[in-house]
Amino acid sequence: MGITIPISANNFHYQSRNKADYMNSFTPEAIRQHLSKLQDPELGFSYSDKRVLRELTIDESQLNIRLVYPYLTEVKMQQRQETILKHIQVIWPDVRCKIEFKQHTNRHKVQNSVKPKFGVKNIIAVASGKGGVGKSTVALNLALGLQALGARVAILDADIYGPSLPRMLGQVGIKAEADGKNFVPVEGLGLQSMSMGYLVDEQTPMIWRGPMVSSALQQLLNDTAWQSCDYMILDLPPGTGDIQLTMAQKIPLSGAVVVTTPQDIALADVYKAYKMFEKLKIPVLGVIENMSYHTCSECGHEEHIFGSGGGDKLVKDFGLDLLAQIPLSKSLREKEDLGEPVVTPSALTEDGQRFVTCAEKVAIKLACEEMELQAPIQKIKVSA
Ligand code: ADP
């Protein structure tokens, strides 16, 4: 994708400078220097950084800039192009400029002991220290948020004892079909999904022990014919016991997100979850604080029912990123019970927007983890 701006001579900067000086300063290096003063607000480094700038050339007085983004950010591309153009026009108002943006999701590193899953670029675990904090709600909406950014997304409900995904996707009563020896993923709200809820009745109690649970989950992952996708969200069972540890060891994970409510007691559980992933060398991309506050529908007053400051404490004490603070929301709960999404690309609700912003932070965090480990794939091409 690229845009070209036409030459316009009636600009203050142009008129106030000598034309020869102006043309002399129009070199790729001068432009690169100038770009180094403009930061990408999401990535936190400048557009001249080798991690994104891949080409800067002047070809018959046309400036060509090519940037490659390591995550999908369709919604903000045009905004970025306009910002860069304006920045360049401050010095070179008459420039003819083509800015090309490419975006893709990289496959990230997984634990040394396991192989990446074929066709699935990144599996991200969503964990919580304890049940009832809204982990499954967050997992689903994170998946929908990533989808809204332009990614292909799958979700695997690993909550074998309490599978809630079929209900949240509006797929209650649907049974997973088998195609030869594999299950076919069930499609809901545009996501590919798999859950124990598609294999047994909601009323059937699961009385499996730990090893059976983790082997059932691996079967759900490995014996499902997933279509290729950028992200798979893995909704882990709550807690940090043996079951969760075995799953986190055996499933190739690119990163993990921890969900909590703001009380102190929940924060202690976050620490345990953090330690579990740290031990397995799985990057914790951040924490999502759910049920952070409630806004009174009558007067708009915000009440912190479960206390406040928990998220800030996590940032301070453990150096974890607080990815989002999701309020208690009646419409979120109601829509979820009906299997209706709050994240829809066409009409984003306030709740939906929060999850899209949060998904973008997760995608950036994951992209930046890898960038820190890797040298840039290509050298910048700067030529006149
Ligand atoms: P967990 O997976 O942690 O057990 P769930 O995601 O199943 O929790 O959520 C438990 C209940 O809380 C569900 O009925 C869900 O709709 C509701 N819920 C979760 N998050 C919120 C929220 N931010 N506002 C209102 N209700 C919520």
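Throughout, residues of each chain are indexed from 1 in the direction in which the sequence is written. Per-residue local features are limited, in this predicted model, to residues with pLDDT of at least 70; the limit for side-chain atom pairs, both in listing and counting, is 80 or more; totals at the level of whole chains, interfaces and linings are taken over all residues. Each side-chain value is derived from all of the structure's non-hydrogen atoms; neither hydrogens nor water enter the calculation.

Novice: Explain the overall build of the protein chain to me, please; I cannot follow it from the model alone.
Specialist: Each helix and strand in the protein chain was counted, giving 12 helices and 17 strands. For every residue, the accessible area obtained with a 1.4 Å probe (protein chains only) is divided by the maximum for its type, and the residue is called buried under 20%, exposed over 50%, and partly exposed between those limits. Within the protein chain, the proportion of its 384 residues that are buried is 50%. Looking at the protein chain alone, contacts between residues at least 24 apart form 75% of all its contacts between residues at least 6 apart. With residues, only the protein chains shown are counted as cover, and all accessible areas are computed by Shrake-Rupley using a 1.4 Å probe. By element, 51% of the accessible surface of the protein chain is carried by carbon and sulfur atoms, the whole surface being about 18,300 Å². Helix and strand definitions follow DSSP, with helices as H or I runs of at least four residues and strands as E runs of at least two, each counted in order from the N terminus. Working rule for contacts: check all heavy atoms of both residues, and any pair within 4.5 Å makes them a contact.

Novice: What is the right way to read the pattern of salt bridges from this model?
Specialist: Should their charged atoms come close, side chains of opposite charge can pair. Throughout this description, the term salt bridge denotes a Lys or Arg side-chain nitrogen within 4 Å of a carboxyl oxygen of Asp or Glu. Counted by the stated rule, this structure contains 21 salt bridges. For Glu-42, the salt bridge is made with Lys-76, and the minimal N-O distance between the two is 3.0 Å. Here Glu-42 is found in the loop between helix H3 (28–35) and strand E2 (53–59), whereas its partner Lys-76 is found in helix H4 (residues 74–91), with 34 residues between them in sequence. The partner of Asp-337 in a salt bridge is Arg-333, with the nearest N and O atoms 2.7 Å apart.

Novice: Help me understand unusual backbone geometry, please; the structure alone is not making it clear to me.
Specialist: Generally, phi is negative for residues other than glycine and the peptide bonds are trans, each holding for most cases. Here Leu-189, not a glycine, exhibits a phi torsion of approximately 50°, which is positive. Mapped onto the elements, Leu-189 comes out in the loop between strand E9 (186–188) and strand E10 (191–195). Unlike most non-glycine residues, Lys-281 shows phi in positive territory, near 60°. Within the secondary structure layout, Lys-281 lies in the loop between helix H9 (264–279) and strand E13 (284–290). For Lys-281, a relative accessible area of 72% puts it in the exposed group.

Novice: Looking at this structure, how should I read the side chain of Asp-351?
Specialist: Residue position: Asp-351 is located in helix H12 (residues 350–373). Side-chain atoms alone can form a polar contact between residues adjacent in sequence; in general such a contact is a pair of N or O atoms within 3.5 Å, and within protein one must be able to donate a hydrogen while the other accepts it. Engagement of the side chain of Asp-351 in a polar contact is seen with the side chain of Ser-331, the distance being 3.4 Å. The residues touching Asp-351, leaving out its near neighbours within four places in the chain, are Ser-329, Ser-331, Leu-332 and Val-342.

Novice: What should I look at first to understand H3 in this one?
Specialist: Three or four residues apart is the spacing at which side chains of an α-helix point the same way, because the helix has 3.6 residues per turn. When H3 is considered as a whole, its buried residues turn out to be Pro-28, Ile-31, His-34 and Leu-35. Axial view of H3: buried residues confined to an arc of 125°, hence all on one face. This arc is built from the directions going out from the helix axis to the C-beta atoms.

Novice: Just checking my understanding: could you explain the nonpolar core for this structure?
Specialist: The nonpolar side chains of soluble globular proteins are, as a tendency, buried together. Here, nonpolar core refers to any group of buried Ala, Val, Leu, Ile, Met, Phe, Trp, Tyr and Cys residues whose side-chain atoms link them within 4.5 Å. With 108 residues, the main nonpolar core has Leu-63, Ile-65, Leu-67, Ile-84, Ile-233, Leu-234 and Phe-277 as its most contacted residues. The greatest single-element share of this core, amounting to 10 residues, is contributed by H12. Those residues within four positions of Phe-277 in sequence are excluded, and the remaining contacts are Ala-125, Ala-127, Leu-236, Ala-248, Leu-253, Ala-256, Val-258, Ile-282 and Val-284.

Novice: For this particular structure, what's the right way to read the site of the ligand?
Specialist: The full set close to the ligand counts 15 residues, and Gly-134, Lys-135, Ser-136, Thr-137 and Ser-329 are the nearest of them. In this structure, a nitrogen atom belonging to the ligand sits 2.9 Å away from a side-chain N or O atom of Asn-290. Protein contacts shield 81% of the accessible area of the ligand, which totals 560 Å² for the unbound molecule. If you list the elements that add at least two residues to the shell around the ligand, you get helix H5 (135–148) and helix H11 (330–338). Grouping the constituent residues of the shell around the ligand by class yields 6 nonpolar, 6 polar and 3 charged. To be near a molecule or strand, a residue needs just one of its heavy atoms within 4 Å of it. Each residue receives one of three labels: charged for Asp, Glu, Lys and Arg, nonpolar for Ala, Val, Leu, Ile, Met, Phe, Trp, Tyr, Cys and Pro, and polar for the others, Gly being one of them.

Novice: Quick question: what am I supposed to make of the sheet that holds strand E12 (residues 255–260) here?
Specialist: The strand order across the open sheet formed by 8 strands is E9-E10-E6-E11-E5-E12-E13-E16, and the pairing between neighbours is mixed. What marks the edges here is a single partner per strand, and that holds for E9 and strand E16 (322–326). Ignoring which end each strand starts from, the neighbouring axes of this sheet average 25° apart. Think of it this way: DSSP has to see at least two bridges between two strands before they count as a pair. Two elements, strand E5 (residues 120–128) and E12, share 5 bridges in a ladder whose sense is parallel. All axes here are fitted lines through C-alpha atoms, helices being fitted over the stretch that makes contact, and every angle between N-to-C directions spans 0 to 180 degrees.

Novice: Got a minute to help me understand the confidence of the model for the protein chain in this structure?
Specialist: Should pLDDT be low for a region, the predicted coordinates there are not to be read in detail. What pLDDT expresses is the predictor's confidence in each residue, scored from 0 to 100. When the pLDDT values of the protein chain are averaged, the result is 84; 86% of them are 70 or greater. Low pLDDT (under 50) marks residues 1–16, which in the prediction has 38 contacts with non-local residues, meaning those over four places away or in another chain.

Novice: Could you clarify how one ought to interpret the pairing of E2 in this entry?
Specialist: In regular strands, side chains alternate between the two faces of the sheet. Counting buried positions over the 7 residues of E2 gives 6, a clear majority of the element. Pairing analysis gives 6 bridges linking E2 to strand E3 (residues 62–69), with the strands arranged antiparallel. Residue pairing in the sheet places Asp-59 in a bridge with Gln-62 of E3. Connecting E2 to the antiparallel partner E3 that follows it, the hairpin turn spans 2 residues, and Glu-60 within it adopts a positive phi of roughly 45°.

Novice: Would you mind going over the environment of Val-343 with me for this structure?
Specialist: Looking at the secondary structure, you find Val-343 in the loop between H11 and H12. Accessibility expressed as a relative area gives 4% for Val-343, which makes it buried. Spatially, the C-alpha atom of Val-343 lies 7.1 Å from that of Gln-353, the residues being 10 residues apart in sequence. Dropping the residues within four chain positions of it, Val-343 is found in contact with Asn-141, Leu-144, Gly-145, Ala-148, Leu-348, Gly-352, Phe-355 and Val-356.

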